[in-house]
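Descriptive analysis of the structure
Take a look at the letters that make up each chain.
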Amino acid sequence: QVQLQESGPGLVKPSQTLSLTCTVSSGSISSADYYWGWIRQHPGKGLEWIGYINNRGNTYYNPSLKSRLIISVDKSKSQFSLKLSSVTAADTAVYYCARASRLGELSLGYWGQGTLVTVSS
Amino acid sequence: DIQMTQSPSTLSASVGDRVTITCRASQSIRSWLAWYQQKPGKAPKLLIYKASSLESGVPSRFSGSGSGTEFTLTISSLQPDDFATYYCQQYNDYSGTFGQGTKVEIK
């Protein structure tokens, strides 16, 4: 059973870059061409899709975040990462990483536990 | 961008009730729709993918239907463990918009 774990700073200053990493265990990120995703949830609010990447490095971004967003994959470390630049308080949220439920699908069947990132000076 | 509209936002129901949640897409997404259940402080859990396919391990009281722009999630007989918030997500054309969620509360 694949497991995912988000890691990164819990506090980021406004205008700086938010960087998070998702480590995949119990299965390599290279084992098959799954899609991997980032999703966030503002406090007390609904889910917001951030973007997808596959292990070939093809990326698909939320248009509202695209100008500030980079998602990348490091197959050697079985990790994928998110970088969101020029953050404001509106980027304060729980950030989840996830994997597609099966090959050829973009529905997300495996999730990390989530990590709270607060943007504040 | 494809917009997803869920209704209702909140639903009060009793154990044993049949519950239906609707999700509408602003344009056709064929059958590229998923349903998730989320409980407080937890990550979402996939229930249904490709509009009507039941994810492994999910009880058969959950079912999904629809295609194009109109979709429904039905819980045939609500159980105590089902009180949670439910989200639809479209994933047509490599995007992933979520609906705003439906909170299922105890009546």
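Look above for the structure.
The present account deals with the structure reproduced in this document. Only a predicted model underlies this, so the values are computations on that prediction, with no experimental measurement involved.

A word on the pairing of strand E7 (residues 69-74) of chain A
Residues and elements named next belong to chain A. With 6 bridges connecting them, E7 and strand E8 (residues 79-84) associate as antiparallel partners. When the sheet's bridge partners are listed, Ile70 is paired in E8 with Lys83. Hairpin geometry of E7 and E8 is characterised by an intervening segment of 4 residues between the two adjacent antiparallel strands and by a positive phi of about 55° at Ser78.

Here's the deal with the packing of aromatic side chains
In total, this model carries 11 aromatic pairs over all chains according to the counting rule given. Ring geometry for A:Tyr35 versus B:Tyr94: centroids 5.7 Å apart, planes at 50°, classification tilted. In this pair, A:Tyr35 is assigned in strand E4 (residues 35-41) and B:Tyr94 in the loop between strand E9 (85-90) and strand E10 (102-106), connecting two distinct chains. Judged by its relative accessible area of 36%, B:Tyr94 is partly exposed. Within the aromatic cluster, the residues linked to one another by ring pairs are A:Tyr96, A:Trp111, B:Tyr36 and B:Phe98. Over the ring of B:Tyr49 we find A:Arg102, and its NZ or CZ is 3.9 Å from the ring centre.

A short note on the pattern of salt bridges
For the structure on display, the rule yields 9 salt bridges over all chains. Notably, a salt bridge pairs A:Asp91 with A:Arg68, separated by 2.9 Å at the nearest N-O pair. You can see A:Asp91 sitting in the loop between E8 and strand E9 (93-100) and its partner A:Arg68 sitting in the loop between strand E6 (59-61) and E7, a full 23 residues away along the chain. What makes A:Asp91 buried here is its relative accessible area of 2%. Residue class for A:Arg68 comes out partly exposed when judged on its relative accessible area of 21%. Between B:Glu70 and B:Arg24 there is a salt bridge; the shortest N-O distance is 2.5 Å. Highlighted residues: B:Glu70 in strand E8 (residues 70-75) and B:Arg24 in strand E3 (residues 19-25), separated in sequence by 46 residues. What makes B:Glu70 partly exposed here is its relative accessible area of 39%. When salt bridges that share partners are traced, they join A:Arg40, A:Glu48, A:Arg68 and A:Asp91 into one network.

With respect to the interface of chain A and chain B
Between chain A and chain B, the residue contacts involve 21 residues of the former and 20 residues of the latter. Across the chain A-chain B interface, the total number found is 1 salt bridge. Two residues, B:Glu55 and A:Arg102, come together in a salt bridge whose shortest N-O distance is 3.0 Å. For the pair chain A and chain B, the number of links is 9 residue pairs in polar contact (both at pLDDT 80 or more). Of all the elements in the fold, those that place two or more residues in the side of chain A that touches chain B are E4, strand E5 (47-54) and strand E10 (108-111) of chain A.

Conventions adopted
Residues numbered from 1 in each chain as written. Chains lettered and ligands numbered in written order. Predicted model: local features only at pLDDT ≥ 70, side-chain atom pairs only at ≥ 80, totals over all residues. Heavy atoms only, no water. Pairing = 2+ DSSP bridges. Helix = DSSP H or I, 4+ residues; strand = E, 2+ residues; numbered from the N terminus. Phe/Tyr/Trp six-rings, centres within 6.5 Å; stacked < 30°, edge-to-face > 60°. Buried < 20%, exposed > 50% of the residue type's maximum accessible area, 1.4 Å probe, protein only. Lys NZ or Arg CZ within 6 Å of the ring centre and 35° of its normal. Salt bridge = Lys/Arg side-chain N within 4 Å of Asp/Glu carboxyl O. Contact = heavy atoms within 4.5 Å. Polar contact = N/O pair within 3.5 Å; in protein donor to acceptor, adjacent residues only side chain to side chain.

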